[in-house]
Amino acid sequence: MFDVIQDWWVVVLPYVPLLLEAALFVLQITVCVVLLSWVVGLVVALCRASGVKLLEWPARFFIWFIRGTPALVQIFIIYFGLPQFGIKMSPFVAGTLALALNGGSYVAEIIRGGLIGIPNGQRESALALGLSRATAMRRVILPQVVRVIIPPISNEIASSLKNTSLLSTITLMELTLQTEVIVASTFRPFEFYIFTALIYLLMTTTCIYGLQIMERRFAVRY
Amino acid sequence: MPLDPSPQGGSSTAGPILELSDIRKKFGALEVLKGVSLAVSPGESLAIIGASGSGKSTLLRCVNLFEQPTSGQIRFDGRDIEYGDDLWFWKRERILRDLRREVGMVFQSYNLWPHMTVLENIIEAPLQAGLGRRAEIVGKAEELLQKIGMYEKRNEYPSRLSGGQQQRVAIIRALAMEPKILLLDEVTSALDPELVGEVLELIAQLAAEGVTMLVVTHEIAFARDVSDRTIFVHKGVIEEEGPSAEVLGNPGSEHAQRFLRRVLHPNLKKAAGVSDV
Ligand SMILES: Nc1ncnc2c1ncn2[C@@H]1O[C@H](COP(=O)(O)OP(=O)(O)OP(=O)(O)O)[C@@H](O)[C@H]1O
Ligand SMILES: [Mg+2]
């Protein structure tokens, strides 16, 4: 057993800096994707809940389309498909955009669930005091929504992080593609894929637990 | 010292502060208000009583346009309030917001905002409306809190308060906007019986200080002792209207008599075989 692990290290060690660099890149992509997906999600959720048909239906269609199609196909549509219409993006931009739209549809549904959970009296009392609808949303409703959606949102962040591996298919040198490249020259797929899996695991676990700790700090407030 | 900072502050007319003319409201085919007319003078407190489903809440909600009347006229503080689907979105939003800044409303379920402290709950709307500088608004809020004996609770979250305390905070939260009229919809109905008194006391105090209000209530004794006038609503129509002592002591309409008998002697209901009024 010890020998196996030692052997493993001997194989993997020289490539660790390269892999960690790729992991850092994964984190960078994830941060961009997550921030953008919150914007997308918030806009779509507010449209969906607006009660205005002209906003509601496009939002519904968006959610239906994104949730009903594979993320990989969405990435291909944006990276390979859009250039046909002259919209050409770098793999990084196309990939980030595709994953943000994908994540956004899930974030939208999470926010919508949170909105539904807030009693209508909260909104009515805000409007009754002369707050505009937008102010009522911003000051009264959303702060309450934020608290209940932290757990599902942290899972969604972990999903976005894992989904960045799909970007290996559009030549983005992130962790998965970097591992593939190394495997191609070392012929040690087991060692490298396990090691890469461990790196992913470390990142997703940190993000989920980090947010849980944040949630607990919010929770003591009321 | 009056509890309301300015009971009828700056009312621009000598006439009624609120005048409803022939208000009708339909929900689909169901006509809930069938031509209600009503005038409220500044400083007056008016009780609205009636059986469940008679349209009391709908009537109150028409005043601050939580419900849009199907037809009829609302005159508030000397101006006709425009409503209707033909209004341009932003204009409509502004009309609603401006109206609601001057029409306070408190609900059966207190609806304090759980993520804000008591003080934050009270100052939020005045701050958003730009009623003054922050320090002034906080000062006024603290004054209001002192008067209901809850200054020490200013930094507590609502979940730490009793129902009676929450409802009293909800009332002064509405007062902090210095409304020209206050709408109260069964504000004691969700409270444990032993907490009803403190809330009614506060409302009585406000009435005595000249706060104009429309109070939907099931507390007949309260209506009799506190409100200047009482209105009895039956199936979307005002069937009785007059000084509270008269309406409650000697109502003319059969429905009002039966309603009062039932709420004053609920235990006789079965024995007397009183059907739904
Ligand atoms: N948004 C709505 N849509 C459809 N029907 C409604 C709506 N709001 C109220 N109604 C109906 O209008 C009627 C009057 O309701 P309202 O709440 O005004 O009565 P109420 O006198 O306040 O009764 P309660 O004493 O039970 O509060 C009821 O039959 C109710 O079902
Ligand atoms: Mg009601």
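Participant: Can you walk me through the overall build of chain A in this structure?
Facilitator: On a plain count of helices and strands, chain A comes out with nine helices and zero strands. When the elements of chain A are put in sequence order from the N terminus, they spell out α-α-α-α-α-α-α-α-α. The C-alpha extent of chain A, read off along each of the three principal axes, is 70 × 50 × 25 Å. By the burial criterion, 43% of the 222 residues in chain A qualify as buried. Taking the intrachain contacts of chain A between residues at least 6 apart in sequence as the baseline, contacts between residues at least 24 apart amount to 74%.

Participant: Would you take a moment to explain the interface of chain B and chain A for this structure?
Facilitator: Size of an interface: often given as the accessible area lost when the parts come together. With 24 residues of chain B at the interface, the matching set in chain A holds 20 residues. Across the chain B to chain A interface the summed buried area is about 2,000 Å²; carbon plus sulfur atoms make up 57%. Counting across the chain B and chain A interface gives three salt bridges. The salt bridge partner of arginine 133 of chain A is glutamate 93 of chain B, with a shortest N-O separation of 3.2 Å. Viewed at the interface, chain A and chain B are joined by ten residue pairs in polar contact (both at pLDDT 80 or more). Elements with a contribution of two residues or more to the side of chain B that touches chain A: helix 2 (89-102), strand 6 (103-106), helix 3 (118-129) and helix 5 (163-175) of chain B. With five residues, helix 2 of chain B is the single largest residue contributor to the side of chain B that touches chain A. Here the residues of the side of chain B that touches chain A are counted per class, giving 13 nonpolar, four polar and seven charged.

Participant: What should I look at first to understand the sheet that holds strand 10 (residues 237-243) of chain B in this one?
Facilitator: Remark on secondary structure: sheet strands pair via backbone hydrogen bonds, oriented parallel or antiparallel. Residues and elements named next belong to chain B. An order of 6-7-8-3-9-10 is seen for the six strands of this open sheet, with the pairing classed as mixed. The sheet is open, and its two borders are formed by strand 6 and strand 10, each paired with just one other strand. Between one strand axis and the next, the sheet turns through 15° on average, direction left out of account. Relative to strand 6, helix 2 is tilted by about 75°, and along the sheet it contacts strand 6 and strand 7 (181-185). With respect to the sheet, helix 5 is in contact with strand 6 and strand 7, its orientation differing from that of strand 6 by roughly 170°.

Participant: Even after reading the chapter, I still don't get the pattern of salt bridges, so can you show me in this structure?
Facilitator: Charged atoms that come close allow side chains of opposite charge to pair. Residue and element names in this part refer to chain B. Counted according to the given criterion, the structure contains 26 salt bridges over all chains. Arginine 229 serves as the salt-bridge partner of glutamate 241, at 2.5 Å between the closest nitrogen and oxygen. Here glutamate 241 is found in strand 10, whereas its partner arginine 229 is found in strand 9 (residues 229-234), with twelve residues between them in sequence. Take glutamate 241: its relative accessible area is 41%, and that puts it in the partly exposed class.

Participant: I'm lost on empty space enclosed by the protein in this one. Help?
Facilitator: Residues and elements named next belong to chain B. A full pass over the atoms with the stated rule returns two cavities of 30 Å³ or more. Taken as a whole, the largest cavity holds about 60 Å³ of empty space. Those elements that place two or more of their residues in the lining of the largest cavity are strand 6 and helix 5. Counting residues per element, the lining of the largest cavity draws most heavily on helix 5, at three residues.

Participant: I would appreciate a short explanation of the packing of helix 3 of chain B against helix 4 (residues 134-147) of chain B in the present structure.
Facilitator: For any two helices packed against each other, the geometry comes down to the angle between their axes and how far apart the axes lie. Residues and elements named next belong to chain B. Two elements in contact, helix 3 and helix 4, have axes separated by 9 Å at closest approach and are oriented at 130°. By the angle between their directions, the pair helix 3 and helix 4 is classed as oblique. The handedness of the crossing between helix 3 and helix 4 comes out as right-handed. Each of Val118, Leu119, Ile122, Ile123, Pro126 and Leu127 in helix 3 lies in contact with helix 4, whose residues at this interface are Arg134, Ile137, Val138, Ala141, Glu142 and Leu145.

Participant: Honestly, the confidence of the model for chain B in this entry has me stumped. Any pointers?
Facilitator: Any segment with low pLDDT has predicted coordinates that should not be analysed in fine detail. Residues and elements named next belong to chain B. When pLDDT is averaged across chain B, the result is 90; 91% of the residues are at 70 or more. Note on residues 1-13: pLDDT under 50 across the span, and 35 contacts to partners over four residues away in sequence or across chains. Every residue in residues 271-277 is under pLDDT 50, and counting partners more than four places away or in other chains gives eleven contacts.

Participant: Would you mind going over the packing of helix 3 of chain B against helix 5 of chain B with me for this structure?
Facilitator: Residues and elements named next belong to chain B. Between helix 3 and helix 5, the shortest axis-to-axis distance is 8 Å and the interhelical angle comes to 25°. Regarding the angle of helix 3 to helix 5, the classification is roughly parallel. Crossing of helix 3 over helix 5 shows right-handed handedness. Note on element contacts: helix 5 touches helix 3 through Val169, Ile172 and Arg173, opposite Val118, Asn121 and Ile122. Residue classes in the contact of helix 3 with helix 5 are distributed as four nonpolar, one polar and one charged.

Participant: Help me out: how do you make sense of the side chain of serine 160 of chain A in this one?
Facilitator: Inspection of the secondary structure puts serine 160 of chain A in helix 7 (residues 133-163). Take serine 160 of chain A: its relative accessible area is 4%, and that puts it in the buried class.

Participant: How should the layout of surface pockets be read in this particular structure?
Facilitator: Over the atoms, a rolling probe the size of a water molecule traces out where space has been left empty. Estimated volume of the largest pocket: approximately 1,200 Å³. Lining of the largest pocket is provided by 41 residues; of these, Ser50, Arg123, Leu127 and Arg133 of chain A together with Glu93 of chain B occupy positions nearest its centre. Looking at the lining of the largest pocket, the elements that each hand over two or more residues are helix 2 (16-49), helix 5 (91-116), helix 6 (120-128) and helix 7 of chain A together with helix 2 of chain B. If you tally residues by element for the lining of the largest pocket, the top one is helix 2 of chain B, at nine residues. Partitioned by chemical class, the residues of the lining of the largest pocket number 23 nonpolar, five polar and 13 charged. Of the voids in this model, the second largest pocket is the one considered here, and its volume is about 330 Å³. Taken together, 14 residues form the lining of the second largest pocket, with Trp38, Ile111, Val146, Ile149 and Ile153 of chain A sitting closest to its centre. The set of elements that each furnish at least two residues to the lining of the second largest pocket consists of helix 2, helix 5, helix 7 and helix 9 (189-219) of chain A. Among the elements that take part in the lining of the second largest pocket, helix 7 of chain A stands out by supplying seven residues, more than any other.

Basis of the calculations
- Residues numbered from 1 in each chain as written.
- Chains lettered and ligands numbered in written order.
- Predicted model: local features only at pLDDT ≥ 70, side-chain atom pairs only at ≥ 80, totals over all residues.
- Heavy atoms only, no water.
- Helix = DSSP H or I, 4+ residues; strand = E, 2+ residues; numbered from the N terminus.
- Buried < 20%, exposed > 50% of the residue type's maximum accessible area, 1.4 Å probe, protein only.
- Contact = heavy atoms within 4.5 Å.
- Buried area = accessible area lost by both parts, 1.4 Å probe.
- Salt bridge = Lys/Arg side-chain N within 4 Å of Asp/Glu carboxyl O.
- Polar contact = N/O pair within 3.5 Å; in protein donor to acceptor, adjacent residues only side chain to side chain.
- Nonpolar A, V, L, I, M, F, W, Y, C, P; charged D, E, K, R; others polar.
- Pairing = 2+ DSSP bridges.
- Axes fitted to C-alpha atoms, helices over the stretch in contact; angles between N-to-C directions.
- 1 Å grid on protein atoms, 1.4 Å probe; cavity = no way out; pocket = protein on both sides within 12 Å on 5 of 7 lines; lining within 4 Å.
- Points joined across faces, edges and corners; volume = space filled by probe spheres on them.
- Parallel < 35°, antiparallel > 145°, perpendicular 65-115°, else oblique.
- Left-handed = near helix turned anticlockwise from the far one by under 90°.
- pLDDT = per-residue confidence, 0-100.

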